[in-house]
Amino acid sequence: MKKQSKKGGVVTTTSWKSALKRDWQLYLLLLIPLVLVIVFSYGAYPGLRMAFMDYKPAKGYAGSKWVGWATFQKVFKDADFGRALRNSIVFNIADLLVGFPMPIILALILNELRYKRFKKVSQTILYLPHFLSWAIIGSVALTMFKPSSGLVNVAMMQAGFIEQGIPFLNEKWHWAITYLLIGVWQGMGWGTILYLAAITGISGELYEAAMIDGANRWQRMIHITLPGIRSTIVTLLIMNLGRVMGSNLERLTALGNTQVKEFQYQLAVYIYQKGISNNKFSMATAVGLFQSAIGVILVLLSDRIAKKLGEDGLL
């Protein structure tokens with residue numbers, strides 16, 4: 001198989017053999033993640049048939065009874081599933097509304113910084129929370145936000161802003177707001193990387209022309225930077241919409257407690273408690289498959305809408 005390209009009127013032909021010989025290091029590096037994806041993602045697909053079986057680990061696939069849609073019917077009739085589904089949708093949509101714009105805003109702010117050393121230090125500090133596990137974040141948050149002895153409440157009481165401690169993580173409505181804001185803090189720095197990379201692809205001549213025309217920094221940001229990264233914003237928005245049905249068990253477990261169980265009980269918790277902990281693998285697989293199916297539908301639908309609005313879309 002040959003690939004042809006035209007440069008300066010000269011037609012060059014490169015065979016797969018010569019390309020492989022020339023760039024074999026790159027193909028080798030690509031092979032490693034490709035194998036991992038095939039083994040751990042596509043290799044698990046045959047296991048999805050558990051959703052349509054009364055699966056027993058001791059009997060395996062061959063000995064387990066095929067029940068069709070009965071597992072899904074059982075799940076959808078479960079009142080706990082309805083509660084978990086409602087909480088997951090509400091919190092994921094709130095997460096999207098609060099968290100999605102923040103990396104964009106942060107990238108715009110970082111792009112306007114002119115002192116390079118301060119910019120690099122700021123970026124490093126903002127990226128660090130992404131590499132912390134939720135176990136660490138949860139333990140620090142529970143210590144800092146204690147109503148009586150937490151650093152945040154003590155500082156606010158000493159400053160005279162409040163008379164008594166606020167139960168940030170011990171009352172469901174305060175917990176909901178704190179849960180969302182901690183999630184934004186943890187992810188917004190890392191999310192700026194793609195937007196900053198997209199901003200670097202914008203031609204500097206556009207900014208120079210705008211400055212000559214008298215555009216200030218705010219006008220350049222609105223009329224040049226934002227339109228320049230619009231395709232990246234749309235692509236990431238479509239990808240995030242596919243995760244509206246998902247939930248993070250590690251995050252919920254680290255920040256949760258019995259006092260906020262009403263809001264903490266989301267699909268990840270439901271799958272773990274009702275499915276995996278009770279050895280009901282068919283139920284856990286059915287809920288996971290349901291989440292994935294809805295996620296794919298949302299991605300395809302949002303991609304189609306984006307294309308109708310004139311954007312490139314994702315697929």
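Residues numbered from 1 in each chain as written. Predicted model: local features only at pLDDT ≥ 70, side-chain atom pairs only at ≥ 80, totals over all residues. Heavy atoms only, no water.

1. As for the packing of helix α5 (residues 79-99) against helix α6 (residues 101-112)
(1) Moving on: The interhelical angle for the contact between α5 and α6, taken along N-to-C directions, is 15°, at an axis separation of 5 Å. As judged from the angle between their axes, α5 and α6 are roughly parallel. Residues L96, L97, V98 and G99 of α5 form the contact with α6, whose participating residues are P101, M102 and P103.
(2) Moving on: Across the contact of α5 with α6, the residue classes break down as 6 nonpolar, 1 polar and no charged. (Axes fitted to C-alpha atoms, helices over the stretch in contact; angles between N-to-C directions. Helix = DSSP H or I, 4+ residues; strand = E, 2+ residues; numbered from the N terminus. Parallel < 35°, antiparallel > 145°, perpendicular 65-115°, else oblique. Contact = heavy atoms within 4.5 Å. Nonpolar A, V, L, I, M, F, W, Y, C, P; charged D, E, K, R; others polar.)

2. Re unusual backbone geometry
(1) Moving on: Here the phi dihedral of N279 falls at roughly 60°; this positive angle occurs in a residue that is not glycine.
(2) Moving on: Looking at where N279 falls in the secondary structure, it is placed in the loop between α16 (267-276) and α17 (281-308).

3. Let's talk about the pattern of salt bridges
(1) Moving on: Evaluation of the coordinates by the stated rule reveals 10 salt bridges.
(2) Moving on: The residue K274 makes a salt bridge to D78 at a minimum N-O spacing of 2.9 Å. Of the two residues, K274 is situated in helix α16 and D78 in the loop between α4 (70-76) and α5; the sequence distance between them amounts to 196 residues.
(3) Moving on: One salt bridge in this structure joins R114 and E112, with 3.7 Å as the shortest N-O distance.
(4) Moving on: When salt bridges with common partners are traced through the structure, they connect D78, D80, R83 and K274 into a single cluster. (Salt bridge = Lys/Arg side-chain N within 4 Å of Asp/Glu carboxyl O.)

4. A word on the confidence of the model for the chain
Regions with low pLDDT carry predicted coordinates that are not meant to be interpreted in detail.
(1) Moving on: Taken over all residues, the pLDDT of the chain has a mean of 88, while the share at 70 or more is 96%.
(2) Moving on: Put simply, strand β1 (residues 2-7) is where the chain has its lowest mean pLDDT, 47, and α5 is where it has its highest, 94.
(3) Moving on: With pLDDT under 50 throughout, residues 1-7 is counted as low confidence; its partners more than four residues away or in other chains account for 16 contacts. (pLDDT = per-residue confidence, 0-100.)

5. Remarks on the packing of α5 against α16
(1) Moving on: Following both chains from N to C, one finds α5 and α16 inclined at 150°, their axes separated by 8 Å at the closest point. Relative to α16, the element α5 is oriented roughly antiparallel. Contacts between α5 and α16 pair D80, F81, A84, L85 and S88 from the former with L267, Y270 and K274 from the latter.
(2) Moving on: When the residues that make up the contact of α5 with α16 are grouped by side-chain class, the tally is 5 nonpolar, 1 polar and 2 charged.

6. Points about the nonpolar core
(1) Moving on: In this structure, W175 and Y270 are the most contacted members of the largest nonpolar core, which totals 33 residues.
(2) Moving on: Put simply, the parts of the chain that give this core at least two residues each are α5, α8 (134-144), α10 (172-200), α14 (249-255), α16 and α17.
(3) Moving on: When neighbours within four sequence positions are excluded, Y270 is seen to be in contact with V75, D78, D80, F81, A84, Y265, G275, M283 and V287.
(4) Moving on: In terms of nonpolar packing, the next biggest core, distinct from the first, is built from 23 residues, L106, V184, M188 and L236 among them. (Core = buried A, V, L, I, M, F, W, Y, C linked by side-chain atoms within 4.5 Å. Buried < 20%, exposed > 50% of the residue type's maximum accessible area, 1.4 Å probe, protein only.)

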